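# Examining the three-dimensional arrangement
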Amino acid sequence: MLHRLLSVILILALVCAMPGLAALAEPVEQEAVEDDIYEGTDTSDYAELQRGDRDGDDSVNIITLQNKLIELGYLRDTADGVFGANTESAVAAFQRSNGLTETGTADAATQRLLYSGQELVSASNSTDPESVIYRTQEKLSIWGFLAAEPDGVAGSQTNEAVAAFKQYLREYEKQYPTPSPEPTATPVPGSFGDEAIAVDMPIVKEDETKIDEHLLAYVDGEYEFQIYRQTVANGDSGDEVTRVQRRLYQLKYLPIVDGAFGPSTERSLLYFQRKNGLNQTAVADEATQRVLFSGDAIESEEFVCPYKLVVDVSDQRVYIYQWNGSSFGTCIKEMICSTGMKGASTETPLGTFQMDGPTGTGEWYWFSSYKCYAKWASRIVGGILFHSVIYSKGKVLNKTSVRKLGKRASHGCIRLTVEDAQWIYENCPSGTTVVIQD
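In this report, we go over the structure that sits alongside the text. All figures in this text were calculated on a predicted structure; none of them were measured in a lab.

## Description of the nonpolar core
Residues Leu 140, Trp 143, Phe 165, Phe 225, Leu 248 and Phe 272 are the most contacted members of the largest nonpolar core, which totals 38 residues. Elements supplying a minimum of two residues to this core: α6 (132-142), α7 (156-173), α8 (213-219), α9 (239-250) and α10 (263-275). Element by element, the count of residues in this core is highest for α7, at 5 residues. Beyond its immediate chain neighbours, meaning those up to four positions away, Trp 143 contacts Phe 165, Tyr 218, Val 219, Phe 225, Ile 227, Arg 243 and Phe 293. The next biggest cluster of nonpolar side chains, apart from the first, holds 32 residues, and it includes Cys 337, Phe 353, Met 355 and Ile 380.

Dropping the structure here:
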C-alpha cells in the first residue's frame, strides 16, 4: 500500500514539474497565435558594411552609420542607405583618425568604436577662407551651382559644380575657353580576344573640374559674373530655374532640385521672400534673384514642405504638422504606428530625412525578402518606408501586425493602419521632412 502511495506522489510531482505534461493532464482552449511574418531578429554583433551595400537588410545599419559619420564631420552627404564612394572615404578617414586599420569597410571593430560613446577624433576639414577650393565653393554656392556647404575639400559635388559653371559661361556669356580635343592613338578593347586596337580618339586637354586661373578670375571678382539673366516663375524650367532651386536648397528652403518650377519651388520662394523682406510674389524676378544670389541672403530654419512628419519611437506615434506660411506650428493628425524592434538590424534609424515619396506601383507593395505585402508604401530613406499593416502572399491581412500597432514590431519601417498609410502616400510628396526621434 505504501509503495503504491509513493508511486502516485512521484507521478504527481513529475506532472507539476513539466508544463507540457500538465497541459496534457488538463487541456485548456487557447487562442491560435498568428506569426508576424515581417518580424525580424536581434543580432549580437555588427554586420560588416562595405561599398556596394544598399537597401535590404543592411539599410538601417548603413543609415545609422552615415548619420554618425555626418555628426563627426567625416561625411558631407545625406544619409541615404547606400554605401557608396563618399561613405567609403568617410569610413576610411574615421579609421585613419581614430587609430584603426584604414580599409574603408565598416567592420565590427569600426562600428563598435563609432557607437561606443567614447570621445572620438572628429574630422578637421579646411575652412580657410584663403584656400582656393573654399573660395571657389563659396562663390559657386552663392551663384546657384553648388548646393553643398563650402568645406575646403574638392569632392564630387564640387567637381560637378565647377564643370557646370564652366559650361554655363560658355553657353550664356561666351567668355570661357572651350576645351580643344586633339586626336591621339589610344588603345581600346577590340573584338579579338583581349587584344587592344589603337584608334584615333579625341582627348580633352583641359580637365573640366580643374579650378584654373580663368575660373578664379570670376571667383575673385576680376571678371564680373552676371547674377540675373531672366525672371522665372511657376511652369518654367531650364538652367535659370535650376540655379534658383540650388540656391534655395543651399539656404534650406527647398528640399528637392529638379529643374522644374512647380508648387514646391513656389512655396519655398514665397517664404524666402518673406524672410528677406521682399515682395511675396512667388516669382523669381530680378530683385529677388539679386538677394538670393548674394552673401546676405537669410537662411531658412528648415525646409518648406506641405507637411512635416514627426515619428516618436517612444510612444509609437506619427504626428503630422502642416505648413502655415511661416512654420509647422499646427499638428493636424496623430497616427498610431509600429517602428523597428530593438536590434542591430531592426531598429528604425533616428534622424531628419527628406523622404523620397510614394514608391512601388500603386496600392500594393511586395517585400521580396519576407514574402509578404503591404499597402501604400512611401519611401523615407533607403529601405525604410511608411506602409500599412502586413498581408500574406495571398493578400490576406496579418492580424498580428494589426494587434501590434502601438508597439515595436517591424524590421525598421514605420507600420501604420491602411487609412493612415494611404493618407501619407497621397499627401506627402518627395522632399517631405520626416523627423524620427526617441
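## Here's the deal with the sheet that holds strand β13 (residues 414-416)
With mixed pairing, the 4 strands of this open sheet are ordered in space as β7-β10-β11-β13. Of all strands in the sheet, those bounded by a partner on one side alone are β7 (357-358) and β13. Pairing of β7 with strand β10 (residues 378-381), which is carried by 2 bridges, proceeds in the antiparallel orientation. Looking at β10, one finds that Pro 358 is bridged to Ser 378.

## Some details on the pattern of salt bridges
One pass over the structure, following the stated rule, counts 14 salt bridges. With a closest N to O distance of 2.8 Å, Glu 102 and Arg 96 form a salt bridge. For Glu 102, a relative accessible area of 45% corresponds to the partly exposed category.

## So, the packing of helix α3 (residues 59-71) against helix α4 (residues 85-97)
Two elements in contact, α3 and α4, have axes separated by 11 Å at closest approach and are oriented at 60°. Accordingly, the angle class assigned to the pair α3 and α4 is oblique. Of the two possible hands of crossing, α3 and α4 adopt the one that is left-handed. Facing Leu 65, Gln 66 and Leu 69 of α3, the residues of α4 in contact are Thr 87, Ala 90, Val 91 and Phe 94.

## Notes on the layout of surface pockets
Gaps left between atoms are located by rolling a probe of water-molecule size over the structure's atoms. Taken as a whole, the largest pocket holds about 1600 Å³ of empty space. Looking at the largest pocket, it is lined by 48 residues, and the ones nearest its centre are Arg 76, Asp 77, Thr 78, Gln 157 and Tyr 249. Mapped onto the lining of the largest pocket, the elements with two or more residues apiece are α3, α4, α7, α9, β6 (351-354) and β10. Considering only residue class, the lining of the largest pocket consists of 21 nonpolar, 17 polar and 10 charged.

## Remarks on the packing of aromatic side chains
Counted under the stated rule, the structure contains 23 aromatic pairs. Note on Trp 364 and Tyr 373: the rings are 5.6 Å apart at their centroids and 80° apart in plane angle, and the pair reads as edge-to-face. Over the ring of Phe 293 we find Arg 243, and its NZ or CZ is 4.1 Å from the ring centre. Here the basic side chain of Lys 395 rests over the ring of Tyr 373, its NZ or CZ set 5.1 Å away from the ring centre.

## Focus on the environment of Ser 345
Tracing the chain through its elements places Ser 345 in the loop between β5 (330-336) and β6. In the structure, Ser 345 is positioned 283 residues away from Ile 62 in sequence and 9.6 Å away in space, judged by C-alpha atoms.

## A closer look at α9
Because each turn of an α-helix spans 3.6 residues, side chains separated by three or four positions in sequence point in the same direction. Relative to the 16 Å expected for 12 residues at 1.5 Å per residue, α9 spans 16 Å between its end C-alpha atoms, a close match to the ideal helical length. For α9, the full list of buried residues reads Glu 240, Val 241, Thr 242, Arg 243, Val 244, Gln 245, Arg 247, Leu 248 and Gln 250. Of the surrounding elements, those touching the buried residues of α9 are α6, α7, α10 and α11 (286-292).

## Comments concerning the pairing of strand β11 (residues 384-388)
Summarising burial for β11: 5 of the 5 residues are buried, a large majority. Where β10 and β11 come together, 3 bridges link them in antiparallel fashion. Bridge pairing links Ser 378 to Phe 386 in β11. Counting the residues that bridge the hairpin from β10 to β11 gives 2 residues, and of these Gly 382 lies at a positive phi of roughly 55°. Relative to β13, β11 runs parallel, the two sharing 3 bridges. Within β13, the position partnered with Ser 388 by the bridge is Leu 416.

## What to know about the sheet that holds strand β9 (residues 372-375)
Taken together, the 3 strands give an open sheet; going across it, the order is β8-β9-β12, and neighbouring strands pair in antiparallel fashion. The open sheet has two edge strands with one neighbour each: β8 (364-367) and β12 (390-391). Relative to β9, β8 runs antiparallel, the two sharing 4 bridges. Bridge pairing in β9 places Phe 367 opposite Cys 372.

## Observations concerning the state of the cysteines
As enumerated under the stated definition, the model contains 0 disulfides in all. With no disulfide partner, Cys 305 has as its closest neighbouring cysteine sulfur the one in Cys 428, 9.1 Å distant. Distance from the sulfur of Cys 413, which forms no disulfide, to the nearest cysteine sulfur (Cys 372) is 9.7 Å.

## Focus on the side chain of Ser 268
Along the chain, the position of Ser 268 falls in helix α10. Of the residues examined, Ser 268 reaches a relative accessible area of 0% and is grouped as buried. Of the polar contacts made by the side chain of Ser 268, one reaches the backbone oxygen of Tyr 253; its length is 3.1 Å. With residues up to four places along the chain from it excluded, the contact list for Ser 268 reads Tyr 253, Leu 254, Pro 255 and Val 304.

## Digging into the environment of Thr 281
Here Thr 281 lies in the loop between α10 and α11. Once the C-alpha coordinates of Thr 281 and Leu 270 are considered, the two residues, 11 residues apart in sequence, prove to be 6.6 Å apart. Residues in contact with Thr 281, not counting those within four places in the same chain, are Leu 270 and Gln 273.

Conventions adopted
- Residues numbered from 1 in each chain as written.
- Predicted model: local features only at pLDDT ≥ 70, side-chain atom pairs only at ≥ 80, totals over all residues.
- Heavy atoms only, no water.
- Core = buried A, V, L, I, M, F, W, Y, C linked by side-chain atoms within 4.5 Å.
- Buried < 20%, exposed > 50% of the residue type's maximum accessible area, 1.4 Å probe, protein only.
- Helix = DSSP H or I, 4+ residues; strand = E, 2+ residues; numbered from the N terminus.
- Contact = heavy atoms within 4.5 Å.
- Pairing = 2+ DSSP bridges.
- Salt bridge = Lys/Arg side-chain N within 4 Å of Asp/Glu carboxyl O.
- Axes fitted to C-alpha atoms, helices over the stretch in contact; angles between N-to-C directions.
- Parallel < 35°, antiparallel > 145°, perpendicular 65-115°, else oblique.
- Left-handed = near helix turned anticlockwise from the far one by under 90°.
- 1 Å grid on protein atoms, 1.4 Å probe; cavity = no way out; pocket = protein on both sides within 12 Å on 5 of 7 lines; lining within 4 Å.
- Points joined across faces, edges and corners; volume = space filled by probe spheres on them.
- Nonpolar A, V, L, I, M, F, W, Y, C, P; charged D, E, K, R; others polar.
- Phe/Tyr/Trp six-rings, centres within 6.5 Å; stacked < 30°, edge-to-face > 60°.
- Lys NZ or Arg CZ within 6 Å of the ring centre and 35° of its normal.
- Expected span 1.5 Å × (residues − 1).
- Disulfide = S-S within 2.5 Å.
- Polar contact = N/O pair within 3.5 Å; in protein donor to acceptor, adjacent residues only side chain to side chain.

Interpretation in functional terms is not warranted from these geometric data alone.
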